[in-house]
Every structure is written in structure tokens, then in C-alpha cells.
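A structural walkthrough
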Amino acid sequence: MSHPLTAGTRPTIVGRPVILVVDIFESDFGDREFSHGIPAMPDNRARMEKAAAFVRKGRDLGVPIVVVHEVHRPGGIDFGRELDGSEDVHCVEEPGSPHLPRVGIGMTDDDYVVYKRRYSAFYATDLEILLKGLGASTLILVGGLTDVCIHFTFVDGHQGDYHCRVLEDCVSGSQQAAHDAALASMEYLQTGSVLSSADMLEALQDR
């Protein structure tokens, strides 16, 4: 017999939802396979186009949009251990960089921007203050990479007691196997957390 705390299925949306757009850059809408040593799934562009379409629909429904961008100071002083693995220098703050805000998803003045220096959108940022100000309970994650920034942001959101949802067709991993494993890991933490953009849109429209 299950414990009362674990009995039943949680609703798709609990309280007020917020859409977190994690690291969607202008370059995601080109025909890239690799950028700065960071691999992308073959259908990355289609996934990011679907994410952008979902964001537009969510905005029309009055859901707050929080755009999270990883950025690093020129000179690499704040990269830390990020370059110890497969990734090369990326997301550097410089004029003309494709990694500046207000690209990719057609941002509006009503959207919010959070800059991060690490993979998780929560680590050393003001995201928590912003979410509390918005009264957020459910976080809807789209963007990339599924197995890195999406996964780590999801975990921190989970540990902060948010109801986290990730749209499997609006996120893209470094490779299919890593993408699938990350989705399975997130579903392990919160049952029902992995769903399609169509299912989430239906839930938003019904709320």
C-alpha cells in the first residue's frame, strides 16, 4: 500500500506555471551539427523551432516567459571547470556574438532574462527571486541541452520543491542516447514530468 504522500498522480500544472527557455541561441536555427565543441542532435533545429512556437503560444495564453542565457566574460575568468570536458569556449559576451538575448524566440518587453555562468539556471543567479515574485509553482522547461543545462536546472528546481515539467519534443540533447537518459532521470524524480508540447498546451488551455 502506497504512502498518502505518494498516492495518486500530480496534475500537469500545479499553481502558476512559468516557461523557462534555457539556452536557445540564434545558431540553433541554422544547419549546425557542432558549435564550439558542443554536439547537437540531428533534429536540433526542428526541436528548437517547435520550442519557439510553443513559447509564442504560451505567451498568448498569459504564461510568464523567463529566458535563461549562459554567458561568460571575455578572458574566460568565469568558465571554471566547464572546459574540462567536451566543450570548447562558448557563450562569450562580445559584440556580434550569436549568444546574446533577444534572438531565436522573438522576445518581447514582457519577457524576463536571467544570465547564468554555470549549467543550472538556479546556480548563482537571481532566478529564485524572480520565480517567487511571479508566484511560480510549475516550471515548464524547453531548450538545451537535455542532458546538461535542462537536466541540471530540472534537478535544482526539483530540490527547490517546484513542480518541474520538460517538453520532450522541445528540448535537444548532445546525442540521442544522452537525451533519452536525461529524460528518464527527470521522470524518475517526478512522475509525469516528461510530456509533449501538445499535451502541455492542452493543459495550459484547460487551466
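Figured I'd write up the structure that's included with this text.

Conventions adopted
Residues numbered from 1 in each chain as written. Predicted model: local features only at pLDDT ≥ 70, side-chain atom pairs only at ≥ 80, totals over all residues. Heavy atoms only, no water. Helix = DSSP H or I, 4+ residues; strand = E, 2+ residues; numbered from the N terminus. Contact = heavy atoms within 4.5 Å. Pairing = 2+ DSSP bridges. Axes fitted to C-alpha atoms, helices over the stretch in contact; angles between N-to-C directions. Phe/Tyr/Trp six-rings, centres within 6.5 Å; stacked < 30°, edge-to-face > 60°. Buried < 20%, exposed > 50% of the residue type's maximum accessible area, 1.4 Å probe, protein only.

Our next topic: the environment of Met200. Note that Met200 resides in helix α5 (residues 197–206). In the structure, Met200 is positioned 35 residues away from Arg165 in sequence and 8.8 Å away in space, judged by C-alpha atoms. When near neighbours in sequence (up to four residues on either side) are disregarded, Met200 contacts Thr12, Ile13, Phe54, Ile140, Arg165, Leu167 and Leu195.

With that settled, consider the sheet that holds strand β7 (residues 163–172). Taken together, the six strands give an open sheet; going across it, the order is β5-β4-β1-β6-β7-β8, and neighbouring strands pair in parallel fashion. Of all the strands in the sheet, just β5 (112–116) and β8 (194–195) have a single pairing partner and so form its edges. Of the strands in this sheet, β1 (16–22), β6 (136–144), β7 and β8 are in contact with α5, which crosses β7 at around 135°.

The next subject is the packing of aromatic side chains. A complete count under the given rule lists two aromatic pairs for this structure. A ring pair is formed by Tyr119 and Phe152, whose centres lie 6.0 Å apart and whose planes are at 45°; its orientation type is tilted. Remark: Phe152 occurs in helix α3 (residues 146–159) and Tyr119 occurs in the loop between β5 and α2 (127–134); sequence separation between them is 33 residues. Residue class for Phe152 comes out partly exposed when judged on its relative accessible area of 36%. For the pair Phe122 and Tyr162, a centre-to-centre distance of 6.1 Å together with 35° between the ring planes defines the contact as tilted.

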